[in-house]
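Below are the chains, spelled out letter by letter.
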Amino acid sequence: MSAPAATGVRSATRARIADRTLRTDRWWITPLLTVLGLTVFVVYATIRSFVRTAYWVEDYHYLTPFYSPCVSASCVPGSSHFGVWVGELPMWIPLAFLSLPFLLGFRLTCYYYRKAYYRSFWLSPPACAVAEPRAGYTGETRLPLILQNVHRYFFYVGFVISLVNTYDAILAFHSPGGFGFGLGNVILVINVILLWGYTLSCHSCRHVTGGRLKHFSKHPVRYRIWTFASRLNTRHMQFAWITLGTLIITDCYIMLVASGTISDLRFVG
Ligand code: FES
């Protein structure tokens, strides 16, 4: 594919090179894998969020994160850890309507995912030193992309939702006889720890905890928190991908146990 005439690297004042890029490596692999990975997650999460089956294991109190918090009368008995706030919901409203839109907004406005989908879906640019297919570029200066600046508010809500997921994971140490511990707990706890890793490694977290300060010496506590967030932040991309995987694994495992396809490996209870 050739770049549009007279823009970017084809501008009149630039050296005359006919190719779109002179790179000889397989630069298209990363955008391709990104499209595949994000598509698989979005399709899986959308289907699971709407089907309303096999999301709660009564015996062990396992609740999949895709249905948390469950606050409507449509939720199966026992799954509403925070009470029932609304009546029956039509099928087109997911039972986790309180969290899913914010989680979607949190990931959609995430600085890492923006890089990922700007490159892989919008080819803006497809890779470093590979010419873009379009002539115009306004970045994030106009609607709707200027709204990406509200990311910190999604971070605040994402923080609260991580608390909710933590509460769910703690309540899941249950068996019909009282305390219980099974493989499902291991999966739920690992998922929650990694979700905290993703949430606390957020660029907005780094900014609000200490990144916006000028004099660290006057704010020793915030400096320590900022140092911690900064360390995590260097792994933000990894947390972003790993948590997509652990969310699918967690949901899938609970779906298999709840549907009776497999039984939970119990260590206690
Ligand atoms: S930058 Fe990725 S979650 Fe905030």
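The coordinates are above.
We now turn to the structure provided with this report.

## Here we look at the packing of aromatic side chains
Counted by the stated rule, this structure contains 21 aromatic pairs. Note on F41 and F66: the rings are 6.3 Å apart at their centroids and 55 degrees apart in plane angle, and the pair reads as tilted. Remark: F66 occurs in the loop between strand 2 (62-63) and helix 2 (100-108) and F41 occurs in helix 1 (residues 29-51); sequence separation between them is 25 residues. Since its relative accessible area comes to 15%, F41 is described here as buried. Take F66: its relative accessible area is 6%, and that puts it in the buried class. Each ring, one from Y118 and one from W122, has its centre 5.0 Å from the other, and the planes form 20 degrees; the classification is stacked. You can call W122 partly exposed: its relative accessible area is 36%. Taken together, the ring pairs connect Y153, F155, Y156, F159 and W196 into an aromatic cluster. Directly above the aromatic system of Y111 lies the positively charged group of R114, at a separation of 4.4 Å from the ring centroid. Over the face of the ring belonging to Y60 we find R266, whose NZ or CZ atom lies 3.7 Å from the ring centre.

## Description of the pattern of salt bridges
Applying the stated criterion to the full structure yields 4 salt bridges. Note that D25 and R23 form a salt bridge whose closest N and O atoms lie 2.7 Å from each other. A salt bridge links R114 to E140, with the nearest nitrogen and oxygen atoms 3.0 Å apart. Placement of the pair is R114 in helix 3 (residues 111-120) and E140 in the loop between helix 3 and helix 4 (151-171), with a sequence separation of 26 residues. The buried category is assigned to R114, whose relative accessible area is 6%.

Analysis parameters
Residues numbered from 1 in each chain as written. Predicted model: local features only at pLDDT ≥ 70, side-chain atom pairs only at ≥ 80, totals over all residues. Heavy atoms only, no water. Phe/Tyr/Trp six-rings, centres within 6.5 Å; stacked < 30°, edge-to-face > 60°. Helix = DSSP H or I, 4+ residues; strand = E, 2+ residues; numbered from the N terminus. Buried < 20%, exposed > 50% of the residue type's maximum accessible area, 1.4 Å probe, protein only. Lys NZ or Arg CZ within 6 Å of the ring centre and 35° of its normal. Salt bridge = Lys/Arg side-chain N within 4 Å of Asp/Glu carboxyl O.

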